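# Per-entry structural report
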Amino acid sequence: MLKIDKANKIQGEITVPGDKSISHRAIILSSISRGPSRIEGFLRGEDCLGTIDCFRQLGVDIVDKGSIIYVHGKGLGGLREPGDILDVGNSGTTIRLVSGILAGQNFFTIITGDESIRQRPMDRIAIPLRQMGANIHARGKGNLAPMAIWGGDLKPIDYTLPVPSAQIKSAILLAGLYTKGETSIRGGGKSRDHTERMLGAFGANILFENNLLTLRPSTLYGQEIQIPGDISSAAFFIAGAAVLPGSHLRIKNVGLNPTRTGIIDIIREMGGNIEIDNQWMSGGEEIGDIIVRGGKLRGINIGGNIIPRLIDEIPVIAVIAALAQGKTLITGAEELKVKETNRISAMVEEMNKLGIRVKELADGMEIHGPNKIHGGQVESHGDHRIAMALAIAGLFANSPVKIKNSNCIGISFPGFEESLKKIAK
Ligand code: S3P
């Protein structure tokens, strides 16, 4: 159980752990490249460590030296049939991206995950991967995990995504590496583009323009990868500091890929003060320091194209909307219902327990601020981002907020409590 007390301000200079999306992709692409890769800044959270386990089971030699991970890539054709079921734990990115690779393997694998993963839709990847020629058997109507995959002999497709999802796009791209022709993907919109960027950095023949992604036959070569801090982890502190007058926070070396910075745009639109400093590039990704000064925020409408650029930050955006002056309307965010938990209903239920006026909508929420937040006991629903968003609410509550089942925070942000306690004064 995590207990959070009221704070007067958020102040200091910190770093956050490595980007989760980029950490997964660094292991995946280096495993199927030729030659060695060196990965620095890897997120040592449960989800990404699970991706390492999967590739070890697929025969890749991965040496974990703590701050640096060395991967001895096997090349596209070098993976071997695992001797047991692959278990991705809680990680949607692992199951969907690894399935893309398994679709290209001429061997048999069963892939599954925890209770949350076994309820999340896999038809979004099973449908296109079957169209490419993979044999995929899954549970129930929604194509749920466990999935049994026997791949090989794939043909390329021209596919329009039903939702702008980076995980679907990436699964198809990874399977596309195992075809002899041109794979085209449309409709990715503003979903995160780390796979495309990293494929380019590993030497793939990939083009991305507006809404069309094209991949041609490629060989990948091992690289040195520097992983930036995760803006989705930084988001909790950015949000807390922005809405707490007197705060002044610098978060160093955070990934600033434009497909991930929707939270900065939204907080600025709410009247918040955020600056970017020391910007540089590494491995095709923008990195920089984020400086936040606290002040009063106002409610706004959040919807449309910006949603994929802040999808994982909506739980904490809901918390600051509760503190802002006026109404905040979040729409077009139905994808939140199929994340680690239904993040719309979970946030509405838990925010109500803290006395916040919030209404559940079919595709988002309506929040009326400002609210006086009460203390009390809330529940993470086993979802790391719900747990951390509620912790930020605790900084503003008139008595302590206790978050049950908070150990799920280790999925994406080991050390969250220590970091928060360092900057919350
Ligand atoms: C992720 C993509 C997003 C995001 C998830 C990580 C990724 O999901 O919510 O936490 O690493 O590709 P979708 O692509 O399904 O929207």
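One structure accompanies this document, and this report is about it. (Residues numbered from 1 in each chain as written. Predicted model: local features only at pLDDT ≥ 70, side-chain atom pairs only at ≥ 80, totals over all residues. Heavy atoms only, no water.)

### Digging into the sheet that holds strand β23 (residues 401-404)
Paired through backbone hydrogen bonds, the strands of a sheet run either parallel or antiparallel to each other. Across the sheet, three strands lie side by side as β1-β23-β22; this open sheet has mixed pairing. Only two strands of the sheet have a single partner each, and these edge strands are β1 (2-4) and β22 (376-379). On average, each strand axis in the sheet is tilted by 25° relative to the strand beside it, whichever way the strands run. Pairing of β22 with β23, which is carried by four bridges, proceeds in the parallel orientation. (Pairing = 2+ DSSP bridges. Helix = DSSP H or I, 4+ residues; strand = E, 2+ residues; numbered from the N terminus. Axes fitted to C-alpha atoms, helices over the stretch in contact; angles between N-to-C directions.)

### Section: helix α9 (residues 314-323)
Since there are 3.6 residues in each turn of an α-helix, residues three or four apart along the chain are aligned in direction. Counting buried positions along α9 yields ten of ten residues, so the element is predominantly enclosed. What α9 keeps buried is the set I314, P315, V316, I317, A318, V319, I320, A321, A322 and L323. (Buried < 20%, exposed > 50% of the residue type's maximum accessible area, 1.4 Å probe, protein only.)

### Quick look at the pairing of strand β3 (residues 34-40)
Of the strand pairs in this sheet, β3 and strand β5 (residues 68-74) are connected by seven bridges, and their pairing is antiparallel. Bridge pairing in β5 places R34 opposite K74. The pairing of β3 with strand β14 (residues 224-226) spans three bridges and is parallel. When the sheet's bridge partners are listed, I39 is paired in β14 with I225.

### Examining the environment of G332
Relative to the helices and strands, G332 is located in the loop between β19 (326-330) and α10 (343-353). When residues no more than four places from it in sequence are discounted, the contact partners of G332 are I307 and D363. (Contact = heavy atoms within 4.5 Å.)

### Describing the sheet that holds strand β9 (residues 144-150)
The four strands lie next to each other as β6-β7-β9-β8, forming an open sheet whose pairing is mixed. The sheet is open, and its two edges are formed by β6 (86-87) and β8 (135-139), each paired on a single side. Here helix α4 (residues 123-131) sits on the sheet in contact with β8 and β9, set at roughly 155° to β8.

### Observations regarding the site of the ligand
Surveying the vicinity of the ligand reveals the residues S21, R25, T93, S165, A166, Q167, R192, I311, D312 and K339. Taking T93, its side chain carries an N or O atom lying 3.3 Å from an oxygen atom of the ligand. At 2.7 Å, a side-chain N or O of D312 approaches an oxygen atom of the ligand. Those elements that place two or more of their residues in the shell around the ligand are α1 (20-31) and α5 (166-176). (Near = heavy atom within 4 Å. Polar contact = N/O pair within 3.5 Å; in protein donor to acceptor, adjacent residues only side chain to side chain.)

### Details of the packing of α10 against helix α11 (residues 384-394)
The contact between α10 and α11 brings their axes to 11 Å, and the two run at 30°. In this view, α10 runs roughly parallel relative to α11, as classed from their interaxial angle. The crossing of α10 and α11 is right-handed. Residue-level inspection shows R343, A346, M347 and E350 of α10 in contact with α11, the latter providing H384, R385, I386, A389 and L390. (Parallel < 35°, antiparallel > 145°, perpendicular 65-115°, else oblique. Left-handed = near helix turned anticlockwise from the far one by under 90°.)

### Focus: the packing of aromatic side chains
The description of two aromatic rings rests on the distance between their centres and on the angle between their planes. Throughout the structure, instances matching the rule amount to five aromatic pairs. With 6.2 Å between their ring centres and 80° between their planes, F236 and F416 make a pair best called edge-to-face. A residue pair is termed long-range when its members are at least 10 positions apart, and F236 in helix α7 (residues 231-242) and F416 in helix α12 (residues 416-423) qualify at 180 residues. We note that F236, like F416, is buried. Seen in terms of ring centroids, F237 and F416 are 5.7 Å apart; in terms of plane orientation they differ by 10°. Their pairing is stacked. Here the residue F237 occupies a position in helix α7, and F416 occupies one in helix α12, the gap between them amounting to 179 residues. Like F237, the residue F416 is buried in the burial classification. Through pairs of rings, three or more aromatic residues link up here, namely F236, F237, F413 and F416. (Phe/Tyr/Trp six-rings, centres within 6.5 Å; stacked < 30°, edge-to-face > 60°.)

### Some points on the environment of I85
Here I85 shows up in the loop between β5 and β6. Using a relative accessible area of 40% as the deciding quantity, one classes I85 as partly exposed. With 18 residues separating them along the chain, I85 and A103 place their C-alpha atoms 15 Å apart. In contact with I85, not counting residues within four places along its chain, are Q57, I110 and T112.

### Some words on the pattern of salt bridges
Applying the stated criterion across every chain, the model contains 24 salt bridges. D19 serves as the salt-bridge partner of R260, at 2.9 Å between the closest nitrogen and oxygen. With R260 in the loop between β15 (248-255) and α8 (262-269) and D19 in the loop between β2 (11-15) and α1, the pair connects residues that are 241 residues apart, well separated along the chain. The exposure class assigned to R260 is buried, which follows from its relative accessible area of 3%. The exposure class of D19 is buried, given its relative accessible area of 2%. (Salt bridge = Lys/Arg side-chain N within 4 Å of Asp/Glu carboxyl O.)

### Comments concerning α11
Taking burial as the measure, the eleven residues of α11 include eleven buried ones, the bulk of the element. Among the residues of α11, H384, R385, I386, A387, M388, A389, L390, A391, I392, A393 and G394 are the ones counted as buried. Between the side-chain oxygen at the start of α11 and the backbone nitrogen of R385 there is a gap of 2.9 Å, and the oxygen is on D383.

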